[in-house]
Amino acid sequence: MFDWLQGMAIATAIRESALVYPILLSLHLTGMALFGGMILMTDLRLLGIAMTKRSVSDVVGGLRPWKHLGLTMVVICGALLAWSKIALYWPNPYFKLKLILLTLVTIHALVFRNSVYRNPELDRTGIPGSAKFAAVLSLVLWIGLVSAGRWIGYWEPEKEKTTAVQIR
Amino acid sequence: MALFLAYDPATNPLNTNEWAFPVCEVMHIVGFATLIGTITMVDLRLLGVGIKKASAAELLRDTAPWTLFGLALVLISGPLIFSSDPNLYLANPSFRFKITTLVIAIIYNYTIHRKVARSQDPGGFGKLVAIVSMALWASLVFAGIFIAFV
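Residues numbered from 1 in each chain as written. Chains lettered and ligands numbered in written order. Predicted model: local features only at pLDDT ≥ 70, side-chain atom pairs only at ≥ 80, totals over all residues. Heavy atoms only, no water.

Draft legend 1. Region of the structure containing the overall build of chain A. When its secondary structure is counted, chain A shows 9 helices and 0 strands. Along chain A, from the amino end to the carboxyl end, the secondary structure elements read α-α-α-α-α-α-α-α-α. Seen through its C-alpha atoms, chain A measures out along the principal axes to roughly 65 × 30 × 25 Å. When contacts within chain A are restricted to residue pairs at least 6 apart in sequence, those whose partners lie at least 24 apart make up 74%. As displayed, chain A offers around 9000 Å² of accessible surface, 69% of which is attributable to carbon and sulfur atoms. Positive and negative side-chain charges of chain A, numbering 17 and 9 respectively, have mean locations separated by a distance of 5 Å. (Helix = DSSP H or I, 4+ residues; strand = E, 2+ residues; numbered from the N terminus. Contact = heavy atoms within 4.5 Å. Areas by Shrake-Rupley, 256 points an atom, 1.4 Å probe, with all protein chains shown as cover. Lys, Arg positive; Asp, Glu negative; His and termini not counted. Charge placed at Lys NZ, Arg CZ, Asp CG, Glu CD.)

Given below as structure tokens:
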């Protein structure tokens, strides 16, 4: 199944090209730079730590399209990278953890969308505890997601470990 | 100098502790996201988009401490990662390019970029300065990734 999936022409081209894979990976991280920094600033604004001279709606609203652009870059490049080596990634527990965290950040965005991120009332009423909780949760989930992404590279399947010992 | 010559990367905790290296990498990613994300907020404003209700000068003032925080994170985690295998990095053309670009980008950010962002009316020149800024920082990300692929 996974061999078939990653055997498709585009996936093979990505995997076997010396340039396409690292370029997609670079774009994945460039998107993260665009998007991650702005998420941090949004969450710190909600916590009353950064950008306090700007209203919540100015910060959240002004950054929204750019965060979406960054997120789109991250997701498209990430999906192409995963697809090209899915047989390698799928057994990796950190890859699965990353997918779970990705699902959780999507749920987070949907749950807090109206009450926090698209709520003009916050400018008048001040920032309630629930919005601060949303901000902390967002930071924890995103840093967890980045960490899971990095740990993917350090996990080895048991079978390969044995092989390495046998070779030695 | 003698100390440096006697340095054996095998004794570095980054190479003996399973967690140390990826923790540094996560710190590096969070750091450059903060650094580049906040600078891009100013760049976007110079281009006439982003948080339009504030001026570039105001956004620069808002974000500057966080840019510095991001820079501190990368400048701590980066040398730690480098220390895991200095010879490998020094011989790597992408690493050399990255360090050169990093020095240029930092100088650019705290001279031309800052001066223009603080000016009364950055105008068309402001847009050029913003594009150069984004290109410099993005090329650093690319150079970082390509270290593993050249």
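Draft legend 2. Broad picture of the interface of chain A and chain B. On the chain B side, the residues contacting the 34 residues of chain A number 33 residues. Regarding the contact of chain A and chain B, the summed buried area is about 2900 Å², with carbon and sulfur atoms giving 80% of it. In this structure, the connection of chain A to chain B is made through 3 salt bridges. A salt bridge links B:D62 to A:R54, with the nearest nitrogen and oxygen atoms 2.6 Å apart. (Buried area = accessible area lost by both parts, 1.4 Å probe. Salt bridge = Lys/Arg side-chain N within 4 Å of Asp/Glu carboxyl O.)

The analysis is restricted to geometry; functional conclusions fall outside its scope.
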